[in-house]
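Residues per chain are reported as follows:
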Amino acid sequence: MSKVHNFSAGPAILPQEVIQNCADALLNFSGTNLSLIEVSHRSKEYVAVMDEARSLVKKIMKLGDDYDVVYLQGGASTQFLMTAMNLLETKAAYTNTGTWAKNAIKEARPFGTVDVLGSSEDTNFNYIPKNYTVAADYDYFHCTSNNTIFGTQMHSFPECPTSLVCDMSSDIFSRQLDFSKFDLIYAGAQKNMGPAGTTLVVLKKSILGKVTRYLPTMLDYRTHIDKESMFNTPSVFAIYGCLQTLKWIDALGLETIEKQNNAKAELLYSEIDKNPLFIGTAAIEDRSKMNATFALKDEARNDEFLQACAAASINGLKGHRSVGGFRASMYNALTIDSVQVLVDVMKNF
Ligand SMILES: *Cc1c(COP(=O)(O)O)cnc(C)c1O
């Protein structure tokens, strides 16, 4: 099988060994002679998977016993609702940095006052707003660390005197961060962690129990924390895939992963800046190291460029319809060799 250079935004590239391990477990899970998808989630073999998938997250993030890890369903999109339902009593602050942030704001509004402290909507979200301060009397501050569609990323986080809630769907485990600064982190698995079908939520127990409204059982974080993420049937396959990726991340270390991601981003952005045919879409200081957005100055040649990419076995480069142009997603598992192939196509173009 010849190699496809997979720049897809999500579901996205995963390490080959992760896919191999998933395939093996589909046929024979943990020596049971049964498939991973036909055994009880309460079997001792699967409980061990869930336990390790939860504990490895804390190990990699260097978090202590004040944090809990759960794997939920409904995607990051359900977290837009759940975070607000569980945390918003009076007022919350949000930044509006793209499609996903906007959806989060929309879902929060029915629960209280939502103040948008910074927005880049005026320029089609091509930068990260920074001129704001977060007041201590907000129930929490919500931000999106990486804007998958628009190709911007927060390279620093503001001082936050209240709970810090972050949608890290598309850059989780891509860099070293002081994760203990965050009170709640969520991420749909399918961008940088595993197969679609589960959403990682890492949260501090102490922020819960402060809202007065009724919380439906399935939408109350405490339900899932109390039952160790097994209140109801979890997404067994997706979580197994996440565990394989977590092991791969743990073996490499976030420091190495960050270096690799920096090198890949540097290689691609320097070609975008050097090559007179192309232009970057996002403000230079806010460029995402995960999703690079760029365009041809002569848009009439878009199809021709995509054909040249296809001829070099490059997949998933077409930009999101709301931005146009191209988007190269360079998640952890993408190698720098694949980025070099793309850069060569751009040079030859
Ligand atoms: C993809 C994405 C989402 C939506 O995730 P779903 O799991 O499809 O609901 C939310 N936020 C960000 C930053 C994303 O990249």
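Residues numbered from 1 in each chain as written. Predicted model: local features only at pLDDT ≥ 70, side-chain atom pairs only at ≥ 80, totals over all residues. Heavy atoms only, no water.

A. The pairing of strand β10 (residues 199-204), seen in detail. Across the 6 residues of β10, 6 count as buried, placing the element largely inside the fold. Side chains Thr 199, Val 201 and Leu 203 of β10 all project onto a buried face; the interleaved residues Leu 200, Val 202 and Lys 204 project onto the opposite face, where all are buried too. One ladder, built from 6 bridges, connects strand β2 (residues 67-72) with β10; its direction is antiparallel. When the sheet's bridge partners are listed, Tyr 67 is paired in β10 with Lys 204. (Buried < 20%, exposed > 50% of the residue type's maximum accessible area, 1.4 Å probe, protein only. Helix = DSSP H or I, 4+ residues; strand = E, 2+ residues; numbered from the N terminus. Pairing = 2+ DSSP bridges.)

B. Fine view of the packing of helix α8 (residues 302-311) against helix α9 (residues 336-348). Running from N to C, α8 and α9 point in directions that differ by 135°, and their axes come no closer than 10 Å. With respect to α9, the element α8 is oriented oblique. Note on packing geometry: the crossing formed by α8 with α9 is right-handed. Side by side, α8 and α9 meet where Phe 305, Ala 308 and Cys 309 of the first sit next to Leu 342, Val 345 and Met 346 of the second. Classifying every residue of the contact of α8 with α9 gives 6 nonpolar, no polar and no charged. (Axes fitted to C-alpha atoms, helices over the stretch in contact; angles between N-to-C directions. Parallel < 35°, antiparallel > 145°, perpendicular 65-115°, else oblique. Left-handed = near helix turned anticlockwise from the far one by under 90°. Contact = heavy atoms within 4.5 Å. Nonpolar A, V, L, I, M, F, W, Y, C, P; charged D, E, K, R; others polar.)

C. Seen up close, empty space enclosed by the protein. Going through the model one piece at a time under the given rule, you end up with 1 cavity of 30 Å³ or more. By volume, the largest cavity amounts to about 30 Å³. Taken together, Ile 13, Leu 14, Pro 15, Asn 192, Thr 245, Trp 248, Asn 332 and Ala 333 make up the lining of the largest cavity. (1 Å grid on protein atoms, 1.4 Å probe; cavity = no way out; pocket = protein on both sides within 12 Å on 5 of 7 lines; lining within 4 Å. Points joined across faces, edges and corners; volume = space filled by probe spheres on them.)

D. Quick look at the layout of surface pockets. Taken as a whole, the second largest pocket spans an internal volume of roughly 220 Å³. With 3 residues, helix α2 (residues 44-61) is the largest single contributor of residues to the lining of the second largest pocket. For the lining of the second largest pocket, the residue count by class is 6 nonpolar, 3 polar and 5 charged. Looking at the lining of the second largest pocket, you find at least three residues from each of domain 1 (16-252) and domain 2 (253-348). (Domains from an automatic or database assignment.)

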